[in-house]
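# Summary of the model geometry
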Amino acid sequence: MKLTPLPEVSDRGFLFSYEEGKKMENIWSVVLIWTLLALLSSLISIRIGVSVALVEILVGSLGGNLLGLHAADWINVLAAIGSVVLTFLAGAEIDPHVFKRQWKESLFIGFVSFLVPFLGTMAYAYWVAHWSPEASKIAGIALSTTSVAVVYAVLVERGYNNTELGKLILSACFITDLGTVVVLGLLFANYDRWLLIFVISTGAALYFIPRMTPWIFERVGSHISEPESKYILFLLFALGAIAALAKSEAVLPAYLIGMVLAPVFLANRTLAHRLRMMTFTLLTPFYFLKAGALINFRFAMAGAGLILMLLGVKVAAKFFGVYPLTHTFRFGPRKGMYTTLLMSTGLTFGTISSLYGLSHGLINQGQYTILVTVVILSAVVPTLIAERWFAPHSAPLSETNVEETMAVSGSESSLKGGDSHVSKDTGSK
Amino acid sequence: MFRKILAANDGSEGARKALIAAIDLAKKYRAELHSISVEEHLPHYAASLGEVLEAQSEANDYFKKKNEEAMALALKEGLSLHTHVLAGHEVGTIIQFAKDNHFDLLVIGFMGHSKIFGRIWGSTSHNLTRLSPCTVLVVK
């Protein structure tokens with residue numbers, strides 16, 4: 001008589017069953033490829049001095065088109081968390097003091113910088129490109145953004161980050177992004193009781209969280225088990241879950257919570273540093289690689305004309321919206337043009353909006369490809385034009401004393417020491 | 001002859017040699033001695049402000065260490081070194097700083113680039129020598 005072991009018995013001899021083992025093997029292979037691409041992106045980014053996010057998108061697009069890279073479910077989860085935490089950090093990097101000084105100008109320029117491109121690109125997508133109303137709304141949102149990070153790097157290199165002009169531009173960028181996030185969060189929501197619950201809970205969170213958080217942080221303190229970071233993640237996911245029930249978007253409460261917690265983060269730089277490290281290492285690489293992998297080169301080639309037109313419409317809309325206001329606030333033509341071009345840049349919220357549209361079936365992959373390509377070009381082209389032809393003359397050289405140059409975040413350590421000199425803001429008002 | 005001397009310090013071995021020469025000249029001419037370091041590797045087209053802030057912070061930590069070493073070197077010769085760290089393009093920033101602060105002498109290290117790069121773009125030391133508003137000493 002032949003004895004055959006029962007499957008259950010033989011399975012018990014291993015850590016995983018055969019099927020489970022196969023799955024694990026696949027997971028590790030997938031992790032290996034994505035991690036390799038993330039590492040490659042980091043190395044390229046360091047070598048060429050271009051942001052790792054942009055390189056990840058480009059590497060992801062090569063992976064998607066040449067290697068057939070696609071996101072598994074668990075990668076989608078990591079990518080979604082990455083976009084939410086990245087949005088939270090974007091809100092938390094605001095210095096409220098910058099707003100207080102020039103709130104009127106910031107508010108006007110920032111709001112118009114959102115509204116005119118939103119309406120302009122949406123109208124173009126709907127009436128000229130004949131996209132569906134929903135796809136046109138996504139186009140409007142994705143191309144209304146301004147990249148605070150792109151603008152900040154340019155201002156630092158030009159020595160404008162400490163000037164009134166630089167601070168005004170930065171705070172206006174935050175307002176523009178706020179407009180984008182609010183519209184993305186509310187335009188596609190279901191207007192039912194869940195939205196009401198979402199609005200009430202977000203409102204309550206915005207009121208209580210800034211009051212509770214310092215108290216909680218004081219009690220739990222900094223620890224290797226990261227209770228502070230977990231508390232932040234808990235808040236983001238709780239509000240994200242309610243946002244999803246209302247068919248809204250988790251990035252809306254994330255940005256708002258970031259804004260109200262900005263003073264806490266200004267006071268606690270190590271927490272900001274730890275959250276960034278976690279996000280840039282484990283979350284955003286999956287998000288940006290995925291965003292790139294979904295770009296289809298065939299659609300990009302076929303839609304090259306539309307890509308150029310949408311980029312032109314975005315920049316033109318920013319010009320019609322922002323440039324007259326710079327005159328009203330007496331910037332002068334050169335600085336006005338410089339400001340307008342910098343406010344035409346976009347990256348993070350543009351890709352977040354496009355990915356939202358694709359994942360919710362509001363746009364197809366061709367439209368996604370076109371929008372993300374325009375977003376990438378809008379990060380690069382207006383910056384190059386601004387730097388090459390419209391950089392204000394005799395840029396003030398402000399020294400990199402971190403306490404001053406990081407006025408936006410008010411964070412990090414000071415470079416002061418010995419006889420280090422710090423130039424005063426020479427102002428370019 | 002020289003009242004204000006500026007040494008370019010990127011933390012390299014070449015820059016160290018330039019600093020030693022600058023200290024020697026400052027001592028000889030009883031000149032005011034400054035050094036400048038330029039952060040030129042801030043990430044372009046960043047997706048988050050944090051990425052730029054972290055890069056800036058890393059660069060600052062690096063230059064803080066290098067400037068402390070430079071100040072100790074000057075102090076050994078009885079001199080006070082005024083250090084400056086700025087962000088921007090290396091050549092443009094040093095030239096603008098030298099112009100704005102009326103330096104008499106710019107002391108730089110000879111920085112070797114690849115031959116192809118050097119032929120097409122010109123090396124940093126070549127460009128600094130060409131564009132500087134004051135006398136330039138290239139230390140090899």
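The shown structure was predicted, so the numbers you read here are calculated from the model rather than taken from an experiment. (Residues numbered from 1 in each chain as written. Chains lettered and ligands numbered in written order. Predicted model: local features only at pLDDT ≥ 70, side-chain atom pairs only at ≥ 80, totals over all residues. Heavy atoms only, no water.)

## Some words on the packing of helix 11 (residues 227-245) of chain A against helix 12 (residues 251-267) of chain A
Residue and element names in this part refer to chain A. One can describe the packing of helix 11 onto helix 12 by two numbers: an axis separation of 10 Å at closest approach and a directional angle of 155°. As the angle between them shows, helix 11 and helix 12 are arranged roughly antiparallel. Like other packed secondary-structure pairs, helix 11 and helix 12 cross with a definite hand, here right-handed. For the pair helix 11 and helix 12, contact is made by Ile232, Leu236, Leu239, Gly240 and Ala243 and by Pro253, Ala254, Ile257, Leu261 and Phe265, respectively. (Axes fitted to C-alpha atoms, helices over the stretch in contact; angles between N-to-C directions. Helix = DSSP H or I, 4+ residues; strand = E, 2+ residues; numbered from the N terminus. Parallel < 35°, antiparallel > 145°, perpendicular 65-115°, else oblique. Left-handed = near helix turned anticlockwise from the far one by under 90°. Contact = heavy atoms within 4.5 Å.)

## What about the sheet that holds strand 4 (residues 105-109) of chain B?
Residue and element names in this part refer to chain B. One open sheet holds the five strands; their spatial order is 3-2-1-4-5, and the pairing between them is parallel. Of all the strands in the sheet, the pair left with one neighbour each is strand 3 (81-87) and strand 5 (135-139). Averaged over all neighbouring strand pairs, the angle between strand axes comes to 25°, with direction disregarded. Two elements, strand 1 (residues 4-8) and strand 2 (residues 32-39), share five bridges in a ladder whose sense is parallel. Across the sheet, the residue bridging to Ile5 is Leu33, located in strand 2. Sheet contacts for helix 3 (residues 90-100): strand 1, strand 2, strand 3 and strand 4; angle to strand 2, the most-contacted strand, approximately 150°. (Pairing = 2+ DSSP bridges.)

## Re the nonpolar core
In summary, soluble globular proteins display a tendency toward joint burial of nonpolar side chains. Residue and element names in this part refer to chain A. Ranked by size, the top nonpolar core spans 108 residues in total, and within it Ile109, Trp131, Leu155, Tyr255, Leu310, Tyr368 and Leu371 carry the most contacts. Looking at this core element by element, the count peaks at 12 residues for helix 9 (residues 164-187). Listed in part, the 25 residues of the second largest apolar core include Val85, Ala250, Phe265 and Leu271. (Core = buried A, V, L, I, M, F, W, Y, C linked by side-chain atoms within 4.5 Å. Buried < 20%, exposed > 50% of the residue type's maximum accessible area, 1.4 Å probe, protein only.)

## A short note on the pattern of salt bridges
Here the structure, examined in full by the defined rule, presents nine salt bridges over all chains. Between Arg276 of chain A and Glu54 of chain B there is a salt bridge, with its nearest N and O atoms 2.7 Å apart. One end of the pair, Arg276 of chain A, is in helix 13 (residues 269-293); the other, Glu54 of chain B, is in helix 2 (residues 49-76), on a second chain. The pair formed by Arg276 of chain A and Glu54 of chain B is uniform in burial state, with each residue classed as buried. Residue Glu69 of chain B pairs with Lys65 of chain B through a salt bridge whose shortest N-O separation is 3.9 Å. Of this pair, Glu69 of chain B and Lys65 of chain B both sit in helix 2, four residues apart, roughly one helical turn. What makes Glu69 of chain B partly exposed here is its relative accessible area of 41%. (Salt bridge = Lys/Arg side-chain N within 4 Å of Asp/Glu carboxyl O.)

## Examining the confidence of the model for chain B
For chain B, per-residue confidence averages 83 on the pLDDT scale, and residues scoring 70 or more make up 91% of the total. Predicted confidence in chain B is weakest over helix 4 (residues 115-121) of chain B, with a mean pLDDT of 46, and strongest over strand 1 of chain B, with 92. (pLDDT = per-residue confidence, 0-100.)

## Quick notes on a nonpolar patch on the surface
Together, Leu36, Leu39, Leu43 and Ile46 of chain A line one region of the surface with nonpolar side chains, adding up to about 440 Å² of accessible area. Checked against the element boundaries, Leu43 of chain A lands in helix 2 (residues 18-48). (Patch = residues over 30% accessible without salt bridge, like charges linked within 9 Å, V, L, I, M, F, W, Y side chains within 5 Å. Areas by Shrake-Rupley, 256 points an atom, 1.4 Å probe, with all protein chains shown as cover.)

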